[in-house]
Amino acid sequence: MRGLVAAALRPDPERRPSARQLLMSLLDVPQSQQGRLLPPEPIDDPPLGARAEAVYAALSPAEQDLVPDVFLRLVGLDAEGADAVVSAGRDELVAGRGPDEVAAIDGVLAAYGEAGLIGEPPAITHGALLRAWPRLREWLDGERAGLAVHRELAEAARRWEAGGRRESQLFQGEPLDRALAWAAGARRRVTLSAGEQTFLDEGLANTRRRARRRRTVMAALLSAAMAAVLLALWQRGVADERLDETMARVAASRAEALRVADPVTARKLGLAAWSLAPIPESRRALAAHDPAVEVFADPHAGPRTLHAITADGATLAALDEGTLRLYDLNAGGRPLATTGGPAQSVRAMAWSPDGRTLALVGVDRSYLYDLRTGILGRPFGRGLGTPGEQSAWFSPGGGLLFAAARQSGERWAWDLRAGRAAYVGEYAVIGPGDRVALVFDGKDSQIRRPGRASPAPWLDRMPWEYTTFAPDGVRVAIAEETGIQIYGLDGVPTHNSRYRPSPATCGSAGTGGCWSAPTATACGSGGSTTAPGSPTGRCPPPPTGTRRRRSRRTAAGCACWPGAAPS
């Protein structure tokens, strides 16, 4: 023993034996040799961090993508806010995932379990791994601020599921705002499970239902107050004629408010207003332009139903409670097909320009439905994990699928031909045939074509959302505060003056806008603006069957854009 103590206390640290060498000298030798310092032996016992990194390097790319999600779900925070090891059931790790991802997670658990780093049920076996593995430390540093929020969300979702999904157990107020903010922009490598995503969706839907109930109560109170006022007027002997006129004005005002959203009800209210009293307000309501020719109501629509209509207005897609239904609007809403939708929640839908493909953007992945074959394709690409207002659309050539979330600012495009992400986080306007794109980024804006990009600083401070390409792909129209200007792709205006609001009256309220230029006049729906040089002195209305969003230009130089509201 004295020899061992003396060796351990040597002044030169390089000559001191390692802890393993001392331990082996004390225990793992015959009785006759115990107490003697044994020479060091070569051993194959790498540190924890090296073992974890070796296992990671041996995994497939699909399994490596899921390693951060697995390990971050096995780390929590103790009472002092320090990292701590926690356990999670396998069901929690694989809930809501497809067969490929479940197999990949099982492969991760098996690989790290064989290395002695993850136990059963899934839990990190050595707390020192949290500090010994640099890659895990990097993941924790990026997610530490949200670990407590995620743990709170996961526990609340489990209690809600176990308690029968009671409304009282849903997040409300500050906890809901905190969880939505983290899910929208603070998380990097943690993917919400299906239960957690459903819990957040239901919490947001519950908040909206409560807001609608409050508005309904307020509307009822206002209606009661109006009824009380009318009753008081009647009791004071106001003539029936005056009362009829008042009710006619109310009906006419309501008809104007519903003109676009519910034209059938608006038409009935206009007729009722005229029947009550032939006053100017009821006459205008009865003679107002009706934007709808036919009306079709989805018989299966619910509060969370998603709808998408093809560009030619022929086919309507409706997704509700995991069921996708297609209707032929040219045949009065005849059902075309009914099929099951994706297993995960769908955030937005969009039709391709040719009306043959329907895109469904889910929480983590996206899907394509082929109208001709009736087949829903395999999941691909990305999704929109943030609840709230989302939208999806195709590029003019149909080669790019775009998706965006309004509240979080998340936005991306997926190149359907190349099978990869594009324009992630960028504001892009795509030209005809997808041959050219304007990317708006202040003074670093660009014009991109296949294989090359050129700077376009002239796009600085231009509103990307009010920019559109001409059919030739070499000019763009941009609506600015002072009017609409047409630019070449070199940033040089093609006209000396901007299109500006015209003093003429274009159609009825809400149907379009009027814009005049030195040599032509652009008018709203109905083409009621005077145009010098045209045969009738007016812009002709669009021919029957013409798409309302397309421009029409006459030989006399009159440009009409029916239904295009000035921005």
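Scroll up a little and you will see the structure.
Owing to the predicted nature of the structure, the values given are computational and were not obtained by experimental measurement. (Residues numbered from 1 in each chain as written. Predicted model: local features only at pLDDT ≥ 70, side-chain atom pairs only at ≥ 80, totals over all residues. Heavy atoms only, no water.)

Student: Hey, could you go over the overall build of the chain for me, with residue numbers and the actual values?
Tutor: Regarding its fold elements, the chain presents 13 helices and 26 strands. Taken across its 567 residues, the chain has 38% of its residues classed as buried. Of the contacts made within the chain by residues no fewer than 6 positions apart, 42% connect residues no fewer than 24 positions apart. (Helix = DSSP H or I, 4+ residues; strand = E, 2+ residues; numbered from the N terminus. Buried < 20%, exposed > 50% of the residue type's maximum accessible area, 1.4 Å probe, protein only. Contact = heavy atoms within 4.5 Å.)

Student: Requested: an account of the sheet that holds strand β14 (residues 420-422), with residues and values cited.
Tutor: On the basis of which strands lie adjacent, the open sheet formed by four strands has the order β11-β12-β13-β14 and antiparallel pairing. Both edges of this open sheet fall to β11 (390-394) and β14, since each of them pairs with a single strand only. In this sheet, neighbouring strand axes are inclined to one another by 25° on average, regardless of whether the strands run parallel or antiparallel. Bridge analysis of strand β12 (residues 400-405) against strand β13 (residues 411-415) gives five bridges, and the strand direction is antiparallel. Within β13, the position partnered with Leu401 by the bridge is Trp414. (Pairing = 2+ DSSP bridges. Axes fitted to C-alpha atoms, helices over the stretch in contact; angles between N-to-C directions.)

Student: If you had to explain the sheet that holds strand β16 (residues 437-440) to someone new, which residues and values would you point to?
Tutor: Ordered by their spatial adjacency, four strands build an open sheet running β15-β16-β17-β18, and the pairing between neighbours is antiparallel. Of all the strands in the sheet, just β15 (427-430) and β18 (452-455) have a single pairing partner and so form its edges. Averaged over neighbouring strand pairs, the angle between their axes works out to 25° when direction is ignored. Sheet analysis places β16 next to strand β17 (residues 446-449), joined by three bridges and oriented antiparallel. Each residue of the ladder has a partner; that of Ala437, found in β17, is Arg448.

Student: How would you sum up the pairing of strand β21 (residues 483-488)? Please name residues and give values.
Tutor: Taking burial as the measure, the six residues of β21 include five buried ones, the bulk of the element. Across six bridges, the pairing between strand β20 (residues 475-480) and β21 is antiparallel. What sits directly across from Ala479, in β21, is Ile484.

Student: Explain the pairing of β17 to me, using residue names and the numbers behind them.
Tutor: Hairpin connection from β16 to β17: five residues lie between these consecutive antiparallel strands, with Gly442 at a positive phi of about 60°. Hairpin geometry of β17 and β18 is characterised by an intervening segment of two residues between the two adjacent antiparallel strands and by a positive phi of about 85° at Gly451.

Student: Residue-level account of a positive patch on the surface, with values.
Tutor: Where like charges cluster on the molecular surface, the positive patch consists of Arg208, Arg210, Arg212, Arg214 and Arg215. In this fold, Arg208 is placed in helix α10 (residues 194-235). (Patch = residues over 30% accessible without salt bridge, like charges linked within 9 Å, V, L, I, M, F, W, Y side chains within 5 Å. Areas by Shrake-Rupley, 256 points an atom, 1.4 Å probe, with all protein chains shown as cover. Salt bridge = Lys/Arg side-chain N within 4 Å of Asp/Glu carboxyl O. Lys, Arg positive; Asp, Glu negative; His and termini not counted. Charge placed at Lys NZ, Arg CZ, Asp CG, Glu CD.)

Student: Hey, could you go over the nonpolar core for me, with residue numbers and the actual values?
Tutor: Counting 32 residues, the largest nonpolar core has Val67, Val70, Phe71, Tyr112, Leu129, Trp133 and Leu136 as the members making the most contacts within it. Elements with a minimum of two residues in this core: α3 (48-58), α4 (61-72), α5 (90-94), α6 (99-114), α7 (129-132) and α8 (134-162). Discounting residues that sit within four places of it in the chain, Val67 has contacts with Tyr56, Leu59, Val108, Tyr112, Trp133 and Trp139. Judged by nonpolar contacts, the second largest core, of 14 residues, contains Met462, Val476, Ile478 and Leu489. (Core = buried A, V, L, I, M, F, W, Y, C linked by side-chain atoms within 4.5 Å.)

Student: Could you give an account of the environment of Ala317, with specific residues and numbers?
Tutor: Along the chain, Ala317 falls in strand β4 (residues 315-320). Considering only alpha carbons, one finds Ala317 and Leu336, 19 residues apart in sequence, at a separation of 9.7 Å. In this view, Ala317 contacts Leu306, His307, Ala308, Leu324, Arg325, Leu326, Met349, Trp351 and Leu358; residues no more than four positions away in its chain are not counted.

Student: Talk me through the packing of helix α12 (residues 263-276) against helix α13 (residues 280-287); I want residue IDs and the actual numbers.
Tutor: It is the contact of α12 with α13, at a shortest axis distance of 8 Å, that shows an interaxial angle of 150°. Judged by the twist between their axes, the crossing of α12 over α13 is left-handed. Across the interface between the two elements, Gly270, Leu271, Ala273 and Trp274 from α12 touch Ser282, Arg283, Ala285 and Leu286 from α13. Across the contact of α12 with α13, the residue classes break down as five nonpolar, two polar and one charged. (Left-handed = near helix turned anticlockwise from the far one by under 90°. Nonpolar A, V, L, I, M, F, W, Y, C, P; charged D, E, K, R; others polar.)

Student: With reference to specific residues and values, describe the side chain of Ser366.
Tutor: Inspection of the secondary structure puts Ser366 in strand β9 (residues 366-370). A distance of 2.7 Å separates a polar atom in the side chain of Ser366 from the backbone oxygen of Arg382. If we ignore the near neighbours within four places in the chain, the residues touching Ser366 are Leu360, Val361, Arg378, Pro379, Phe380, Arg382, Leu401 and Trp412. (Polar contact = N/O pair within 3.5 Å; in protein donor to acceptor, adjacent residues only side chain to side chain.)

Student: Describe unusual backbone geometry, with residues and values.
Tutor: Leave glycine aside and you will find that most residues have negative phi; peptide bonds, for their part, are mostly trans. The residue after Glu120, namely Pro121, is reached through a cis peptide bond having omega 0°. Mapping Pro121 onto the fold places it in the loop between α6 and α7. A positive phi angle, near 55°, is found at Arg165, a position not held by glycine. You can see Arg165 is positioned in the loop between α8 and α9 (173-186). Exposure remark for Arg165: the relative accessible area of 44% places this residue in the partly exposed category. A positive phi angle, near 70°, is found at Arg461, a position not held by glycine.

Student: Provide a residue-level description of the environment of Glu196, including the pertinent values.
Tutor: With respect to the helices, strands and loops of the structure, Glu196 is situated in helix α10. Sequence-wise, Glu196 and His150 are 46 residues apart; in three dimensions their C-alpha atoms are separated by 9.2 Å. The contacts of Glu196, once residues within four sequence positions are left out, are Arg73, Glu92, His150, Leu153, Ala154 and Ala157.

Student: So what about the packing of α4 against α6? Which residues, and what values?
Tutor: Interaxial distance between α4 and α6 falls to 9 Å at its minimum, and their mutual angle equals 70°. Classified by the angle between their axes, α4 and α6 sit roughly perpendicular to one another. Contact residues: α4 offers Ala62, Glu63, Leu66, Val67, Val70 and Phe71, while α6 offers Glu101, Ala104, Ile105, Gly107, Val108, Leu109 and Tyr112. (Parallel < 35°, antiparallel > 145°, perpendicular 65-115°, else oblique.)

Student: I'd like a rundown of the pattern of salt bridges, residues and numbers included.
Tutor: Scanning the entire structure with this criterion turns up 16 salt bridges. Arg249 is paired through a salt bridge with Glu281; the nearest N and O atoms lie 3.4 Å apart. Of this pair, Arg249 sits in helix α11 (residues 240-257) while Glu281 sits in helix α13, placing them 32 residues apart in sequence. Here Arg448 and Glu426 are joined by a salt bridge, their closest N and O atoms 2.8 Å apart.

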